[in-house]
Amino acid sequence: MLVKLGPLDTGRIADLRPYLDSVPDPRSRRGRWYSLTAILLVCACGVVSGAKSIEELAEWGQRASNALLAVIGIRVHLFRWRRTPSSATIGRVLGAVDGDALDRAVCAYLATRHRAATEPTQTPSPSASRRLRVIAVDGKALKGSARLTATRRHLLSAVTHGTVVTLAEVEVGAKTNETTHFQPLLAPLDLAGAVVTFDALHSVKANISWLVEAKNAHYIAVIKTNQPTAHSQLAALPWRDIAVQHTASASGHGRRESRSIKTCAVADELGGIAFPHARLAIRVHRRRKLSGKHETRESIYAVTSLDAHQASPADLAAAIRGHWAVENSSHHIRDVTFAEDASTIHAGTAPRAMAALRNLAIGALKTLGADNIAKTTRAIRDEPQRALPILGITNDPDAYGT
């Protein structure tokens, strides 16, 4: 798995340390031995190595050599009383750190890595210039963070399609509050010309009008029966008279699945669809056959602000399917590889901080071409020194001030 990543040139990979330096230290100056950046780097390296808990984060520091610790900025105690931050120290810091500041630092770093990995270094071809930049908005609950006196934490994030990295993340009070955090989540991002996908929960007209008018972005909104007017209008369109414009089939994991897509222009002079800035209506018909079971069929309706000349039916089908792929490429990895749902970390901002560190590990490895995060993290765990180059840090202790 490490061979797939190839030799890592830290000169071409952004250094994580300047981004972590922007996070304010919540501790008092008295008795502070390790810098906040050093502690967060130990945590980041630990998660890249597959750590799932605060105890495992501390164990990475215990396995690391003195040379690696010197690069990170760990101060060696004169009497050897301290070598690396203990699990108690890491837990206190993660529980008190500013979650918003840490998310901004991690997401800014991942955005830089994503641009370097996806933008062409030479003059782009005409086909590359027409490629859509698609971002998915989706929420995720941290199930293990609930306690008798507190509900479980819920996070809302903006994640890129294709090479999956988290560009922004905020904490919301409950799942029903996701819609009120839609605009604050996307406000700091440059979305001009981008396409934002989201599920039916976020198909709120006020948010979509803001997205198109204030951010100059496009959207693809799935419409379900929770919006009866728009859903009935879409279902009543003459889909039988429209030819199938794109089909795709796939098999695996004990099922066969095929999808077909039809699009229909929305005419403003005829009243259009009861949805702001809608240009195309979309119907995706999906047929799925599980081994040993009957075939199921389902039709999904959506609207988009894209015109027919801006996106082909194949592009629209890929964007709609890519939104659900984010679940597998980010949230599923956090749950299965990093055991996020099983984590019982709950004190202070620690659950959110751990989620940010998991986003950091997944995004950094994805931008390097890792296709199996679980195997890659296990391979790095056996070689602690490989974690630093993945975060853009050279093994030269004099290359960065402490």
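What comes next concerns the included structure. (Residues numbered from 1 in each chain as written. Predicted model: local features only at pLDDT ≥ 70, side-chain atom pairs only at ≥ 80, totals over all residues. Heavy atoms only, no water.)

### Side note on the overall build of the chain
How we decide: Runs of H or I in DSSP of at least four residues are treated as helices and runs of E of at least two as strands, each being numbered from the N terminus. Remark: exposure states derive from per-residue accessible area (1.4 Å probe, protein chains only) relative to the maximum for the residue type, with buried under 20%, exposed over 50%, and partly exposed in between. Contacts were defined at the residue level, with two residues in contact if any of their heavy atoms lie within 4.5 Å. Reported accessibility uses the Shrake-Rupley method at a 1.4 Å probe radius. Residues are deemed covered only where the shown protein chains occlude them.
Of the regular secondary structure elements, the chain holds 15 helices and nine strands. When each of the 402 residues of the chain is scored for burial, the buried share is 50%. Expressed as a percentage of contacts within the chain between residues at least 6 apart in sequence, the contacts between residues at least 24 apart total 67%. In the structure as shown, the chain presents an accessible area of about 19,300 Å², 51% of it carried by carbon and sulfur atoms.

### A few points about the side chain of Ser209
Locating Ser209 in the fold gives a position in helix H10 (residues 205-213). Assessed through its relative accessible area of 18%, Ser209 is described here as buried. The contacts of Ser209, once residues within four sequence positions are left out, are Ala214, Pro276 and His277.

### Some remarks on the nonpolar core
The criterion, for reference: For the purposes of this section, nonpolar cores are sets of buried Ala, Val, Leu, Ile, Met, Phe, Trp, Tyr and Cys residues that join through side-chain atoms within 4.5 Å.
Counting residues in hydrophobic clusters, the biggest one holds 96 residues, and the most contacted among them are Leu94, Leu186, Leu211, Tyr219 and Leu391. The element that contributes the greatest number of residues to this core is helix H3 (residues 36-48), accounting for 11 residues. Once you skip the residues sitting within four places of it in the chain, Leu391 turns out to touch Ile13, Ala14, Asp15, Leu16, Ala44, Cys45, Val48, Tyr109, Arg113, Leu360 and Ala364. The next biggest cluster of nonpolar side chains, apart from the first, holds 14 residues, and it includes Val195, Leu280, Leu306 and Ala319.

### Let's talk about the sheet that holds strand S9 (residues 295-304)
Keep this limit in mind: Any two strands between which DSSP finds at least two bridges are classified as paired. Lines fitted to C-alpha atoms define the axes, with helix axes restricted to the stretch in contact, and inter-axis angles between N-to-C directions lie between 0 and 180 degrees.
Reading across from one edge, S3-S2-S1-S4-S5-S9-S8-S7-S6 is the order of the nine strands in this open sheet, with mixed pairing throughout. Two strands close off the open sheet at either side, each with one partner strand: strand S3 (166-172) and strand S6 (246-252). Strand-to-strand twist across the sheet, computed as the mean angle between neighbouring axes with direction ignored, equals 20°. As paired elements, strand S8 (residues 280-290) and S9 share 10 bridges and run antiparallel to each other. What sits directly across from Ile282, in S9, is Ala302. Contacts from H10 reach strand S4 (195-198) and strand S5 (218-223) within the one sheet, and its direction differs from that of S5 by about 160°. Lying on the sheet, helix H12 (residues 313-336) is in contact with strand S1 (134-142), strand S2 (153-160), S3, S4, S5, S6, strand S7 (255-265), S8 and S9; it crosses S1 at an angle near 30°.

### Some remarks on the pairing of S9
Where S5 lies against S9, four bridges are found, and the strand directions are antiparallel. Paired with Ile223 across the bridge in S9 is Tyr301.

### Details of the pattern of salt bridges
Our working rule: We define a salt bridge as a contact between a side-chain nitrogen of Lys or Arg and a carboxyl oxygen of Asp or Glu at a distance within 4 Å.
Per the stated rule, a full pass over the model turns up 15 salt bridges. We note a salt bridge from Glu257 to Arg259, for which the minimum N-O separation is 2.0 Å. You can call Glu257 buried: its relative accessible area is 7%. A relative accessible area of 17% means that Arg259 is categorised as buried.

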